[in-house]
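# Structure assessment
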Amino acid sequence: MNKWIWRCLLWSCCGAAWGEESQSPLAPGDEFQTFQLADERLTIELVAAEPDVIDPVACAWDERGNLYVVEMRDYPEGPAPAGQIKLLRDTDGDGRYSQSSVFASELNYPTSVLPYRGGVFVTAAPNLWYFKDTDGDGQADERRVVFTGFGEGNQQLRVNGLTWGRDGWIYGSNGRSDGEVRRPEQPSESAVSLRRHDFRFHPETLAFEPMAGTSQYGVAVNDAGDHFLSWNTVPMRHMVIADAWLARHPGLAGASALNILIDASKTGRVYPLALPRTFNRESIQHFNASCGLAIYRGDALPTEYVGNALVCEALLGLVHRRVLVPDGATYRGERGPQEVERELLAASDPWFRPVNLTTGPDGALYVVDFYRKWVEHPQFVPEASRGGVDYRTGDDRGRIWRIRQKDRPAAAAAPWPDQCDTAALVDRLDHACGWQRDAAQRLLLTRGDSPTVDLVRRGLDATRSVQGRRLALATLNALDELPSELLLKSLNYPEAEIRELALTLIPEQRRPEPQFVTSVLKLATDESPRVRLQAALALGELKLPAALNAMATLASAHPDDKWLRLALLSGLAERELEFVRQVVAQAPQWLAAPNAAQQSALRDVGELLGRRGDQAELTSALALDDKGKLSPGQLALTTGIGTGLETTGKRLDMALAGDSQAARRLAALLEQAVTIASNANQTAEHRALAIELLSSAAPRKTLDVLSLLDANQPDEVQLAAARAMGRWADFELARSAMELWGRLSTKTRRQFASSLLRTQPMVAVLLDGLEAGTVADGELDAAQREALWRIDDGALRARVGKLIGEPGKSDRSAVVNDFQAALQLPGNGPRGAQLFQQHCNTCHAMAGQGGHIGPDLASVKSRAAAALLVDVLDPSREVPPDYMNYLIETADGQLLGGLLVAEAANAITLRGVDGAQATIARERIERFQSTGKSLMPEGFEQKLAPQDIADVLAFLTQTESKAPPKPRP
């Protein structure tokens, strides 16, 4: 039997035997014996260890071959500041770093380092520092704060990941800690908010900008200039479209252009060799503490590794690899053939803590090994388990390892870049090792004189590889020395990679020039989806009829490309209606019989029209189908308009009240919508669209919504009808609908309750239901309970206090203690599956089925039942930042709650418990704040007995995850 399978059997039989507290640390040589590489062609070797490096979390080389290592000696909770930057030198060229000195000390939890101009930038919240040794003694005597204001939350979630970009900017991760960042000498009002964003800065001008994000620990950039972000359980995401492009359209608040490359709930299984003792409630068979994301860009591993994404799993002691397979304008992350059920690198030593990865000057892959007994932060450990644990055990160790191909000794190119003249640096832009290329470019940019520019221009044609020509082009642009004729030539290069880059480099002032317009129009029909995406973005900058026509052609030709559609939408500001007209003229089926993608696109454009609210445009949009029919395309567009208007607090019929002809046309369309909504022969999606249109544009009398609030109706129809209740705010209708509560699905009940909470008069109906016992207290989620306590009406609040108590005042620990008996009861998994479907499936998925508001639970089967009991009964005890509940109160008295999806200058987007997103214009928002609690509801003890809890736990922890049964019709 395969030895990997034997290890899995040992885990099953022995539990956490590999991670018993008696396990002692190993010397570097003994730790080496515990490593397993999936590829037999590879080898791993030690390059540095204690006492030369202690508690390392990141490293980087300067252009002289000096290795700077970040030591977070104060992890996890001090004493601080004890962090250091070590300077390591390989004095005899044997590949081992034999000389070590302290370059900078007394740093507050440092996380990353990047060499620049003979010194280094270092992240150590709240500051980003610059250190330089100006007198040659190996210690930094220049020590200055470049930026300050980064968040100082949990030490694992701080600013980190400094990474060089080919555009001459330095990129970094905000670590999920937000912050208001500025230069120390600037006033506080000039600070840049990093809420839910990463960042970049220019090392020369010190310009600072927020970037799409956020990444938890590590930012990676590949040779194509793509940016990749990490998260502890979602290790690889690709930023397909930068925030700057989306921000040009004010109506795209909440839009996301991040593509998840690995679905952690389905293909995110990992295969550790050790099973260390863990405290958190994440899976130990799936990504739990991924960090140190990197793209391999070296030449010391086999060629098929180049461009692969690699990520550490610090808690489980492994390094994971994914081959990035092109998928349109983005990628899919697939396991390599040698790693179907194993990892690139894993160790049976539970002290192995890989936290970061990087490509070295020699082209090898370097692994930063924190080497500690405990790596989890105490804040992520349940309170009952925190005492008696020394989280600093092993704080006097640390290692750095190198992975390379066995038959290819790792050796850096000679001479080191700082000893190269300009011509040699230009040649090195074509080097097979990405570190050599980056170092050469940094030096060329800091030299930047006329001879440098001339040599780089000549190198653009002289270089042999695509990446060399691409980097030369980017270097000229960063030097502001890219002539128009060279850029035009690049737009017509035979390599798609060059054409793609050239499109991004067209200067703003040159875009309207005829020769550039001609090139962009031509590239809109390029065979490469990546070139087409960049052309779509460039076309949005050209306010010309030909450009808009080309955008319509792109939409017509590629309706299923969601990234291309988002790129097109971003460039449509104030041209949405004409765009739709041209699309329909080119492809009439978009109006008469659109497929799902086309219908979605029309709705998106309609929403942008509605958010702007120009009456003349809205009138024209309603007449898109000149036959006066509510065709499928007209329905999608008009529904989007109504939704967009609602974002600004308006209603479609009111917006058209001043135009009698438009009002009559709308009335006719709404009558057709009534017919569609009530017609069981129409698709559920089509009927739901009609209901949504009616709810945004018509009084309640136009639709008998009560007939649609029935369990026999499709889910989409029920939910649309329940949402409509909130928009109509009809008190009598709501009271009648409350009588149907027992016949509604769980998902519809939650939506109905949310609808009742939108205005205070409707809240009375919900309270009536609670008092009558129709609605159980436990059926209200945390956001709804919080919203009830924020009602201004004193009489209503008094009723709330009697019915549900004040949020946060119930003793959840006592509830958990009361249900400890459930852990001793034998559980019935099939019955637990039924209960899961009834109470949990709305928000959580299992085996790919269910909602996606909360985390997918396919990975929890390996968690202790006691920990899951806390999850169910005390969900707000430990709330991850990304599952925190937020509340919005509008000026007109509406209350909305949910997860924060996006925060833009003009709007905020929340995702509610029904999965639907709501975008609210900031001008409508009276109050916006976090509740500090989970969106998951409390009070399950009121609906579930101890035996019920035991059954649910049995279902969640059964050996083979099975999807819950589908709801009965």
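Residues numbered from 1 in each chain as written. Predicted model: local features only at pLDDT ≥ 70, side-chain atom pairs only at ≥ 80, totals over all residues. Heavy atoms only, no water.

## Points about the environment of Leu503
Just so we agree on the cut-off: Helix and strand assignments come from DSSP, with helices taken as H or I runs of at least 4 residues and strands as E runs of at least 2, each series counted from the N terminus. Relative accessibility thresholds used throughout: buried, under 20% of the residue-type maximum; exposed, over 50%; partly exposed, between the two (1.4 Å probe, protein chains only). Note on definitions: a residue-residue contact is assigned when non-hydrogen atoms from the two residues lie within 4.5 Å.
When you line up the elements, Leu503 lands in helix H10 (residues 496-504). Taking relative accessible area as the criterion, Leu503 reaches 5% and is therefore assigned buried. Taking C-alpha positions, Leu503 is 7.9 Å from Val531, a pair spaced 28 residues apart along the chain. If sequence neighbours within four positions are ignored, Leu503 has contacts with Leu491, Val520, Leu523, Val531, Gln534, Ala535 and Ala538.

## Regarding the confidence of the model for the protein chain
Note the threshold: The quantity called pLDDT is the predictor's confidence in a given residue, expressed from 0 to 100.
When pLDDT is averaged along the protein chain, the result is 86; 88% of the residues meet or exceed 70. A low-confidence stretch, residues 1-22 stays under pLDDT 50, and its non-local contacts, those more than four residues away or across chains, total 34 contacts. Counting interchain partners and residues more than four positions distant, the pLDDT-below-50 stretch residues 963-969 has 16 contacts.

## Considerations on the packing of helix H23 (residues 715-728) against helix H25 (residues 746-756)
A pair of packed helices is characterised by two quantities: the angle between their axes and the separation of those axes. Formally: Axis definition: a line fitted to C-alpha atoms, limited for helices to the stretch in contact. Angles are taken between N-to-C directions and run from 0 to 180 degrees. Under this scheme an angle from 65 to 115 degrees is roughly perpendicular, one under 35 degrees roughly parallel, and one over 145 degrees roughly antiparallel; angles in between are oblique. Each crossing is labelled by how the near helix is turned from the far one, with a counterclockwise turn of less than a right angle marking it left-handed and a clockwise turn marking it right-handed.
Running from N to C, H23 and H25 cross one another at 10°; their axes reach a closest spacing of 7 Å. Here H23 lies roughly parallel to H25, going by the angle between them. When you trace H23 past H25, the crossing you get is right-handed. Seen from H23, the contacting residues are Gln718, Leu719, Ala722, Arg723, Met725 and Gly726; seen from H25, they are Lys747, Thr748, Gln751, Phe752 and Ser755.

## Concerning the sheet that holds strand S2 (residues 42-49)
Each strand in a sheet pairs with its neighbour through backbone hydrogen bonds, running either in the same direction (parallel) or in the opposite one (antiparallel). Basically, it comes down to this: Strand pairing follows a simple DSSP-based rule, namely that at least 2 bridges must link the two strands.
An order of S2-S28-S27-S26 is seen for the 4 strands of this open sheet, with the pairing classed as antiparallel. Among the strands making up the open sheet, the edge pair consists of S2 and strand S26 (354-359). Strand-to-strand twist across the sheet, computed as the mean angle between neighbouring axes with direction ignored, equals 25°. Relative to strand S27 (residues 365-369), S26 runs antiparallel, the two being bridged by 5 bridges. Residue pairing in the sheet places Thr359 in a bridge with Leu365 of S27.

## What about the pattern of salt bridges?
To keep things clear, this is the line we draw: Salt bridges are identified by distance alone: a Lys or Arg side-chain nitrogen within 4 Å of an Asp or Glu carboxyl oxygen.
Here the structure, examined in full by the defined rule, presents 45 salt bridges. Measuring nitrogen to oxygen at the nearest pair gives 2.7 Å for the salt bridge that ties Glu771 to Arg799. Of this pair, Glu771 sits in helix H26 (residues 760-772) while Arg799 sits in helix H28 (residues 794-804), and the two are 28 residues apart along the sequence. Residue classification places Glu771 among the partly exposed positions, given a relative accessible area of 46%. A residue is classified by how much of its surface remains accessible, and Arg799, at 21% relative accessible area, is partly exposed. A single network of salt bridges, built from pairs that share partners, joins Glu45, Asp362, Arg402 and Arg404.

## Considerations on the packing of helix H12 (residues 529-539) against helix H13 (residues 545-557)
The line we're drawing: Residues are grouped as follows: Ala, Val, Leu, Ile, Met, Phe, Trp, Tyr, Cys and Pro are nonpolar; Asp, Glu, Lys and Arg are charged; every other residue, Gly included, is polar.
Two numbers describe how H12 lies on H13: the axes approach to 9 Å, and their chain directions differ by 145°. The two elements H12 and H13 cross, and the hand of that crossing is left-handed. Together, Arg532, Ala536 and Leu539 of H12 and Ala547, Ala550, Met551 and Leu554 of H13 make up the contact between the two elements. Looking at the contact of H12 with H13, its residues break down into 6 nonpolar, no polar and 1 charged.

## Brief notes about the pairing of strand S13 (residues 179-182)
Only one face of S13 is buried: it carries Gly179 and Val181, and the other face, with Glu180 and Arg182, is open. Bridge count between strand S10 (residues 142-150) and S13: 2 bridges; the pairing is antiparallel. Looking at the pairing, Thr148 lines up with Arg182 of S13. Across 2 bridges, S13 lies against strand S14 (residues 192-193) in antiparallel orientation. Paired with Val181 across the two strands is Val192, which belongs to S14.

## Comments concerning empty space enclosed by the protein
To be explicit about the condition: The definitions used throughout rest on a 1 Å grid laid over the protein atoms alone, on which a cavity is an enclosed set of points accommodating a 1.4 Å probe that cannot get out and a pocket is an open set flanked by protein within 12 Å on both sides along at least five of seven lines; lining residues are those having an atom within 4 Å of a point. Grid points are joined across faces, edges and corners, and a volume is the space filled by probe spheres set on the points.
Across all of its chains, the model carries 7 cavities of 30 Å³ or more by this definition. By volume, the largest cavity amounts to about 760 Å³. Broken down by secondary-structure element, the contributors of at least two residues to the lining of the largest cavity are strand S3 (56-61), strand S7 (112-116), strand S11 (160-164), strand S17 (219-221), strand S21 (290-295), S26, helix H6 (434-447) and helix H8 (466-478). Here the lining of the largest cavity gets 6 residues from one element, more than from any other, and that element is H6. Counted by class, the lining of the largest cavity contains 21 nonpolar, 12 polar and 7 charged residues. If you add up the space inside the second largest cavity, you get close to 100 Å³. If you go around the second largest cavity, you meet 14 residues; those closest to its centre are Ala555, Arg565, Leu568, Phe579 and Ala601. Of all the secondary structure elements, the ones that give two or more residues to the lining of the second largest cavity are helix H14 (562-570), helix H15 (576-586) and helix H17 (596-612). Grouping the constituent residues of the lining of the second largest cavity by class yields 11 nonpolar, 1 polar and 2 charged.

## Looking at the nonpolar core
Stated formally: Throughout, nonpolar core names a set of buried Ala, Val, Leu, Ile, Met, Phe, Trp, Tyr and Cys residues whose side chains join them through atoms within 4.5 Å.
Formed by 161 residues in total, the largest nonpolar core has its most connected members in Phe150, Phe579 and Leu788. Once you skip the residues sitting within four places of it in the chain, Leu788 turns out to touch Leu757, Val763, Leu766, Leu767, Leu780, Arg797, Val800 and Ile804.

## Some thoughts on helix H19 (residues 632-647)
To keep it simple, the criterion reads: The span expected for a helix works out to 1.5 Å for each residue beyond the first.
Between its first and last C-alpha atoms H19 spans 23 Å; for 16 residues at 1.5 Å apiece the expected length is 22 Å, and the two agree. Within H19, 14 of the 16 residues are buried, leaving the element largely enclosed by the surrounding structure. At the C-terminal side of H19, Gly649 shows a positive phi close to 85°.

## Considering the sheet that holds strand S15 (residues 197-201)
In spatial order, the strands read S11-S12-S15-S16; together these 4 strands make up an open sheet with antiparallel pairing. In the strand order of this sheet, the two ends are held by S11 and strand S16 (208-212), each with one partner. On average, each strand axis in the sheet is inclined to that of its neighbour by 30°, with strand direction left out of account. Sheet analysis places S11 next to strand S12 (residues 170-173), joined by 3 bridges and oriented antiparallel. By the bridge assignment, Trp164 is partnered in S12 with Ile170.

## Quick notes on the packing of aromatic side chains
Quick note on the threshold: For this analysis, a ring pair means two rings from Phe, Tyr or Trp (six-membered ring only for Trp) whose centres lie within 6.5 Å, classed as stacked if their planes differ by under 30 degrees, edge-to-face if by over 60, and tilted for the remaining angles. Two conditions define a charge located above a ring, namely a distance within 6 Å from the ring centre to NZ of Lys or CZ of Arg, and an angle within 35 degrees of the ring normal.
In total, this model carries 20 aromatic pairs according to the counting rule given. Ring geometry for Phe147 and Phe201: centres 5.4 Å apart, planes at 65°, overall edge-to-face. Separated by 54 residues along the polypeptide, Phe147 in strand S10 and Phe201 in strand S15 bring together distant segments of the chain. A relative accessible area of 0% means that Phe201 is categorised as buried. Look at Phe150 and Phe208: their rings are 6.2 Å apart centre to centre, the planes differ by 65°, and that puts the pair in the edge-to-face class. A residue pair is termed long-range when its members are at least 10 positions apart, and Phe150 in strand S10 and Phe208 in strand S16 qualify at 58 residues. Considered together, Phe150 and Phe208 belong to a single accessibility category, that of buried residues. In textbook terms, an aromatic cluster arises when at least three aromatic residues are bridged by ring pairs, as seen for Tyr116, Phe121, Tyr130, Phe147, Phe150, Trp164, Phe199, Phe201 and Phe208. It is Arg442 that lies over the ring of Trp164; its NZ or CZ is 5.7 Å from the centre.

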